[in-house]
Amino acid sequence: MAVRIKSVQKGSAAEALGLNAGAMLYSADGNEINDMLDYQFYTSGERFELAVLREGKLDYLTVEKGEYEPLGCDFETYLIDQKHSCSNHCMFCFIDQLPKGLRDTLYFKDDDERLSFLFGNYITLTNLNEHEVERIKKMHISPINISVHTTNPALRVRMMANKRAGEVLKYLDEFAAAGIRMNCQLVLCRGVNDGDELRRTLDKLTAMYPAVQSIAAVPSGLTDYRRGLYKLEPYDAESSAQVLDILEEYGQRCKEACGSRVVYPGDEWYLCAGRPIPPGSFYEDFVQLENGVGMWRMFRDEFLAELEFAQRRLPLPRKLDVVTGTLAAPLIQEMMDELNRRHKSVSVQVHPIKNNFFGGNVSVAGLVTATDIIDQCKGRLKTKHLGVPEVMLRDEKDLFLDSKSIQDLEKALGVKVHILPSGGGDLAKALLANKLI
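Every value quoted in this text rests on a predicted model; they were computed, and no experiment measured them. All residue numbers refer to positions counted from 1 along the written sequence of the respective chain. Totals for whole chains, interfaces and linings use every residue, but because this is a predicted model, local features are given only for residues with pLDDT of at least 70 and side-chain atom pairs only at 80 or more, for both listing and counting. Side-chain descriptors were evaluated using all non-hydrogen atoms of the structure, hydrogens and water having been removed beforehand.

## Details of the overall build of the chain
Inference 1: When its secondary structure is counted, the chain shows 14 helices and 15 strands.
Inference 2: Based on C-alpha atoms, the radius of gyration is set beside the globule rule, defined as 2.2 Å times the residue count to the power 0.38. Over its C-alpha atoms the chain spans a radius of gyration of 25 Å, differing by no more than 12% from the 22 Å that the globule rule assigns to 437 residues.
Inference 3: Along the longest, intermediate and shortest principal axes, the C-alpha atoms of the chain span 70 × 55 × 45 Å.
Inference 4: Contacts are residue-level and defined by heavy atoms, with any inter-residue pair within 4.5 Å sufficient. Look at the contacts in the chain between residues 6 or more apart in sequence, and 69% of them connect residues 24 or more apart.
Inference 5: Calculation of accessible area relied on Shrake-Rupley with a 1.4 Å probe; when residues are assessed, cover is drawn exclusively from the protein chains displayed. Counting only carbon and sulfur atoms, one obtains 50% of the accessible surface of the chain, whose full area is about 20500 Å².
Inference 6: Averaged over its 53 positive side-chain charges, the chain has a centre that lies 6 Å from the centre of its 62 negative ones. Helix and strand definitions follow DSSP, with helices as H or I runs of at least four residues and strands as E runs of at least two, each counted in order from the N terminus. Charge assignment: positive for Lys and Arg, negative for Asp and Glu; neither His nor the chain ends contribute. In this description, the location of a charge corresponds to atom NZ of lysine, CZ of arginine, CG of aspartate or CD of glutamate.

## A few points about the packing of helix 10 (residues 295-309) against helix 11 (residues 329-342)
Inference 1: Working convention: axes come from line fits to C-alpha atoms, limited for helices to the stretch in contact. Angles between N-to-C directions cover 0 to 180 degrees. Running from N to C, helix 10 and helix 11 cross one another at 10°; their axes reach a closest spacing of 11 Å. What the angle tells us is that helix 10 and helix 11 run roughly parallel. On helix 11, the residues touching Trp296, Phe299, Arg300, Phe303, Leu304, Leu307 and Glu308 of helix 10 are Pro330, Leu331, Ile332, Glu334, Met335, Met336, Glu338, Leu339 and Arg342.
Inference 2: Across the contact of helix 10 with helix 11, the residue classes tally to 11 nonpolar, no polar and 5 charged. Oblique is the label for any angle not covered by the other classes, which are roughly parallel (under 35 degrees), roughly antiparallel (over 145) and roughly perpendicular (65 to 115). Under this grouping Gly is polar, as are all residues other than the nonpolar Ala, Val, Leu, Ile, Met, Phe, Trp, Tyr, Cys and Pro and the charged Asp, Glu, Lys and Arg.

## A look at the pairing of strand 10 (residues 212-219)
Inference 1: Counting buried positions along strand 10 gives 7 out of 8 residues, so the element sits mostly inside the fold.
Inference 2: Two strands pair when backbone bridges link them, and strand 9 (residues 182-188) and strand 10 are joined in this way by 7 bridges, in the parallel orientation. When the sheet's bridge partners are listed, Met182 is paired in strand 10 with Val212.
Inference 3: The definition of a right-handed crossover adopted here requires that, viewed with the strands pointing away, the path from the first strand over the helix to the second runs clockwise. With helix 7 (residues 195-206) bridging strand 9 and the parallel strand 10, this β-α-β connection has right-handed handedness. Using a 1.4 Å probe on the protein chains alone, a residue whose accessible area is under 20% of its type maximum counts as buried, one over 50% counts as exposed, and one in between counts as partly exposed. Two strands make a pair as long as DSSP finds a minimum of two bridges between them.

## As for the packing of aromatic side chains
The description of an aromatic ring pair rests on the distance of the ring centres and on the angle between the ring planes.
Inference 1: Aromatic rings from Phe, Tyr and Trp, taking only the six-membered ring of Trp, are treated as a pair when their centres fall within 6.5 Å; an angle between ring planes under 30 degrees marks them as stacked, one over 60 as edge-to-face, and anything in between as tilted. Summed over the entire model, instances satisfying the criterion amount to 9 aromatic pairs.
Inference 2: On the basis of an interplanar angle of 80° and a centroid distance of 5.0 Å, the ring pair of Tyr39 and Phe75 is categorised as edge-to-face. Taken as a pair, Tyr39 in helix 2 (residues 36-42) and Phe75 in the loop between strand 7 (73-74) and helix 3 (113-119) lie far apart in primary sequence, 36 residues in all. Grouping residues by exposure puts Tyr39 and Phe75 together as buried.
Inference 3: Arranged with centres 5.1 Å apart and planes meeting at 75°, the rings of Phe357 and Phe358 form a pair that is edge-to-face. For the pair formed by Phe357 and Phe358, the shared burial category is buried.
Inference 4: Each member of the aromatic cluster is reached from another via a ring pair, and the members are Phe94, Phe357 and Phe358.
Inference 5: For a lysine, the NZ atom is tested; for an arginine, the CZ atom; a charge sits over a ring if that atom is within 6 Å of the ring centre and within 35 degrees of the ring normal. When the ring centre of Tyr250 is taken as reference, the NZ or CZ atom of Arg253 above it lies at 4.3 Å.

## Things to note about the side chain of Asp372
Inference 1: Structurally, Asp372 can be placed in helix 12 (residues 370-377).
Inference 2: Setting aside chain neighbours within four positions, we find Asp372 in contact with Ile353, Lys354, Asn355, Asn356 and Phe357.

## Digging into the nonpolar core
Inference 1: Core analysis: the largest hydrophobic core is formed by 92 residues, its most contacted members being Leu25, Leu50, Phe175, Met182, Phe303 and Met336.
Inference 2: Examining the composition of this core, we find that 7 residues originate from one element, helix 8 (residues 237-258), more than from any other.
Inference 3: In this structure Phe303 touches Met335, Met336, Leu339, Gly424, Gly425, Leu427, Ala428 and Leu431, once residues within four positions along its chain are discounted.
Inference 4: Judged by nonpolar contacts, the second largest core, of 19 residues, contains Val323, Ile353, Ile373 and Val388. In these notes, a set of buried Ala, Val, Leu, Ile, Met, Phe, Trp, Tyr and Cys residues joined through side-chain atoms within 4.5 Å is what counts as a nonpolar core.

Now the structure itself:
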């Protein structure tokens, strides 16, 4: 297989070689180039031979450049080929629980090992073939992020509705033997892979330390659109506390045995169980932050640290309404109260938005829609300025999950919308800045 160049960057090594749009890259030092992983890995060196097809002729070019300096080729897609879609039908899959009518991109399930390396996405291993497993070892792609859920092969097949789900667990041991570090994720379903099954999973994974360098456990997210899907029950305070006891027990064992906690409960377990969030030291390097592990603690500590640092800065008087999800609302309210205590001229009204759009136990800010904000804020806002967390919007910062725009929200509520940063320190800076956010 060969990959077609779309364009060549100015001043790059590729331009110096005379490469241009339409040329086909075949190999680097005899290694086939099939996608972005191959391209980045095999063209990262200072000197290599590049096989290129242009104008119907196969040329062999000697490349000389700085080590890790980009060769300078661009392609039709970032991955060069298409993303690998998920072949599982997990009983807890959030995408299967989405209502109809959302943006098409929201319904795509990816399960692509390349995205794990490039962007930190989690993969289930069921999409991997032996060639891809060997490539991960050869390139030493590490760490790799894996959605494990359970190490019971039969249960994993049942949970993921994929006959390969059990057999591919062997790759965990193969990666460990090859020196590949792994971050593991467990999505727990009440009465399915918690309790004794959770202990079985943690026994296996913690015994693989340091190859398994971290394990995060989060509760399954359930919406009101689970028609025809496996019947799952949300966790309550008692069942959350039971899960938390197991996770903290294993985390403490690891801390005592190897100096790292390894096992980290998602913030939702503490909030649902009504227990205090641990101190920052509990999360060590916050290695599972993207899974919502330690996010609450980091936000709080960074917000308060910025308030302390900026104690002498006097912000202009201002009033602002802000919205957030019900899960984060107590934290945001606590921080806004502290802001007002230190700076009487700043007043922020917090509006927790219940997620009626998705329903179920969905409570995170990132899944709040403009529809629910409009329904719950109309006639209740105290000001003409509304702060919206950036996590509620897609990357372009223009559309909510229900495809309504910032302008739609402004028009419906008669306000000026201000996009607020998601980090605690950045939010404090924005609220203290001597200009409107």
